[in-house]
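Fold and contact review
These are the residues of each chain, in order.
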Amino acid sequence: MRVIRSMADAAPGFPSDSLPNTRSWASIDLSALIHNFGIARQQNTACAIVAVVKSNAYGHGVEPVARALDGIMRAGDCFGVASLEEGLQLHALGLQHPVLLLEGVVTLAELECAMQAGFELVIHSAYQLQVMQSWLAAHPEQAAGSLTLWLKLDTGMHRLGMNEQTFAEVLAQVRALPAVGRCVMMSHLACADDMLAPATQRQINLFKKVISQQLPAKPDGKLYQCSMAASGGTLAWPQSHFDYLRPGIMLYGGTAILNENGLDRGLLPVMSLRARLIAISTVKAGEAIGYGATYVCPRDLRVGVVSIGYGDGYPRHAPNGTPVLVKSANSLVGQPRRTRLVGRVSMDMLTIDLSDMHEATIGDEVILWGEGLPADEIARLCGTIAYELFCQVTRRVSFVYRKLPAA
């Protein structure tokens, strides 16, 4: 991934999203990221926030994303990542807010590293607690109350998490650890994207029941909090909010609700994936376009070739008719115009219908998703989700970050 710090650095004198001599690029609007974080905060201002930046900030570039968020997060907020390696990458940035390892650690060597970095850890199995107990036994110097553990209850996702009995046993042992000063009980919703799914309320009810049974009747010097809502719960299930929200995809402008676009919830696209028209030709009626001859021209068709393909992360299985926007320098309208894919996506190129865009010319910019074209819409047509589109953008795409306005 080639990173260009700002549009101005990349292309002085060019329009804000134009990169000369670049075949494909992703412009990242950090102001939109900040806006989306604010939308998450507005859902419940009493909650702390775990800003989820795993998988390279959902493909957006973890360093600029984390630095932008770090400046607006408040006391009690933290970052969430999946792995120790991701956590160490954040740790090296010297951020103000702590890091939560959402999958915890497995081995003593990993735990040693996590302890040195000061990470907060999820415990989703009794085995992980045993590793923690072994480490603490070997490190009696660990300060009382210095650790934060998140205990994960499986309420129906059946991926990570402890059943009710194991959860109760682990919580009792955690209460006995002097080094633990704060304990967050957590779970994860399996169907929060479907506002009609009865499973979500069942999970919330089970979580409340177990927590009410297991929270200590008398104070024991530890702080106990709860967390259940990721993006779907944050947006659609206020009864799941508790003490922490864990927004992920919504930070990047994608929705976590079925049949919606991020714009429906006031979210703004952070990534706009862009490329250029590199060729234009007329294909005769009855002729086929691209590999597999999947599209046959019903009439003489003006066809544009765009410098992006699955080698850049655009989905190969995008069907004929998938929309794109063409931003023509010759347009009298001044706004990008919508057209569609014709023919199969290749590794390095795709083809689009320009029959109603006589102003389009070689060198014009094409927007594949983002500003004016929600990634959620493209994802649905491709039978996937915006998460996957963002994470699959490859290293040969240049990333360009719009500078945040001065405070």
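Cut-offs used in this document
Residues numbered from 1 in each chain as written. Predicted model: local features only at pLDDT ≥ 70, side-chain atom pairs only at ≥ 80, totals over all residues. Heavy atoms only, no water. Helix = DSSP H or I, 4+ residues; strand = E, 2+ residues; numbered from the N terminus. Buried < 20%, exposed > 50% of the residue type's maximum accessible area, 1.4 Å probe, protein only. Contact = heavy atoms within 4.5 Å. Areas by Shrake-Rupley, 256 points an atom, 1.4 Å probe, with all protein chains shown as cover. Lys, Arg positive; Asp, Glu negative; His and termini not counted. Charge placed at Lys NZ, Arg CZ, Asp CG, Glu CD. Axes fitted to C-alpha atoms, helices over the stretch in contact; angles between N-to-C directions. Left-handed = near helix turned anticlockwise from the far one by under 90°. Nonpolar A, V, L, I, M, F, W, Y, C, P; charged D, E, K, R; others polar. Polar contact = N/O pair within 3.5 Å; in protein donor to acceptor, adjacent residues only side chain to side chain. Right-handed = clockwise from strand over helix to strand, strands pointing away. Pairing = 2+ DSSP bridges. pLDDT = per-residue confidence, 0-100. Phe/Tyr/Trp six-rings, centres within 6.5 Å; stacked < 30°, edge-to-face > 60°.

**Topic: the overall build of the protein chain**
- Each helix and strand counted, the protein chain has twelve helices and 19 strands in total.
- Burial status across the protein chain gives 54% buried among its 407 residues.
- Restricting to contacts in the protein chain with at least 6 residues of sequence separation, those with at least 24 account for 68%.
- Per element, the accessible surface of the protein chain, about 17300 Å² overall, is 53% carbon and sulfur.
- Averaging the coordinates of the 34 positive side-chain charges in the protein chain and doing the same for the 35 negative ones gives two points 2 Å apart.

**Remarks on the packing of helix H8 (residues 164-175) against helix H9 (residues 198-214)**
- Where H8 contacts H9, the two axes come as close as 11 Å, and the packing angle between them is 35 degrees. Read as a crossing pair, H8 and H9 show a hand that is right-handed. Here H8 contributes Glu164, Phe167, Ala168 and Leu171 to the contact with H9, which in turn contributes Leu206, Lys209, Val210, Ile211 and Gln214.
- Here the residues of the contact of H8 with H9 sort into six nonpolar, one polar and two charged.

**Structural notes on the side chain of Thr351**
- Structurally, Thr351 is set in strand S17 (residues 350-353).
- Overall, Thr351 belongs to the buried group, its relative accessible area being 14%.
- Looking at Thr351, its side chain comes within polar contact range of the main-chain oxygen of Val342, at 2.4 Å.

**Structural notes on the pairing of strand S8 (residues 180-186)**
- Across the seven residues of S8, seven count as buried, placing the element largely inside the fold.
- Once you follow strand S7 (residues 147-152) into H8 and on to S8, the crossover reads as right-handed.
- The pairing of S8 with strand S9 (residues 223-229) spans five bridges and is classified as parallel. Its bridge partner being in S9, Cys183 is matched across the sheet by Tyr224.

**Things to note about the confidence of the model for the protein chain**
- Of the residues in the protein chain, 94% reach a pLDDT of 70 or more, and the chain-wide mean stands at 93.
- Counting contacts from residues 5-16, a segment whose pLDDT is below 50, to residues more than four positions away or on other chains yields 19 contacts.

**Thoughts on the sheet that holds strand S4 (residues 78-81)**
- Here eight strands make up a closed barrel; going around it, the order is S3-S4-S5-S6-S7-S8-S9-S10 and the pairing parallel.
- Taken together, the three bridges between S4 and strand S5 (residues 99-101) define a ladder with parallel strand orientation. Opposite Val81, over in S5, you have Leu101 as the bridge partner.
- Against the sheet, helix H2 (residues 30-43) contacts strand S3 (48-52) and strand S10 (244-245), and its axis sits at roughly 145 degrees relative to S3.

**Some thoughts on the side chain of Ser187**
- Its location among the elements puts Ser187 in the loop between S8 and H9.
- Among the residues examined, Ser187 registers a relative accessible area of 1% and is labelled buried.
- For Ser187, the side chain forms a polar contact with the side chain of Thr155, separated by 2.8 Å.
- Setting aside residues up to four positions removed in sequence, Ser187 forms contacts with Leu153, Thr155, Phe207, Ser227, Met228 and Arg246.

**Quick word on the pairing of S7**
- Most of S7 is tucked away: six of the six residues are buried.
- What you see with S7 is no split at all: Leu147, Leu149 and Leu151 on one side and Thr148, Trp150 and Lys152 on the other are buried throughout.
- As defined by bridge partners, strand S6 (residues 120-123) adjoins S7 across three bridges and the pair is classed as parallel. In the sheet register, Ile123 faces S7, and the bridge partner there is Leu151.

**Some points on the packing of aromatic side chains**
- In the structure shown here, the tally under the stated rule is seven aromatic pairs.
- Seen in terms of ring centroids, Tyr314 and Trp369 are 6.1 Å apart; in terms of plane orientation they differ by 15 degrees. Their pairing is stacked. Of this pair, Tyr314 sits in the loop between strand S14 (301-306) and strand S15 (323-327) while Trp369 sits in strand S18 (residues 365-369), placing them 55 residues apart in sequence.
- Residue class for Tyr314 comes out buried when judged on its relative accessible area of 1%.
- In this structure an aromatic cluster arises from ring pairing among Tyr58, Tyr252 and Tyr387.

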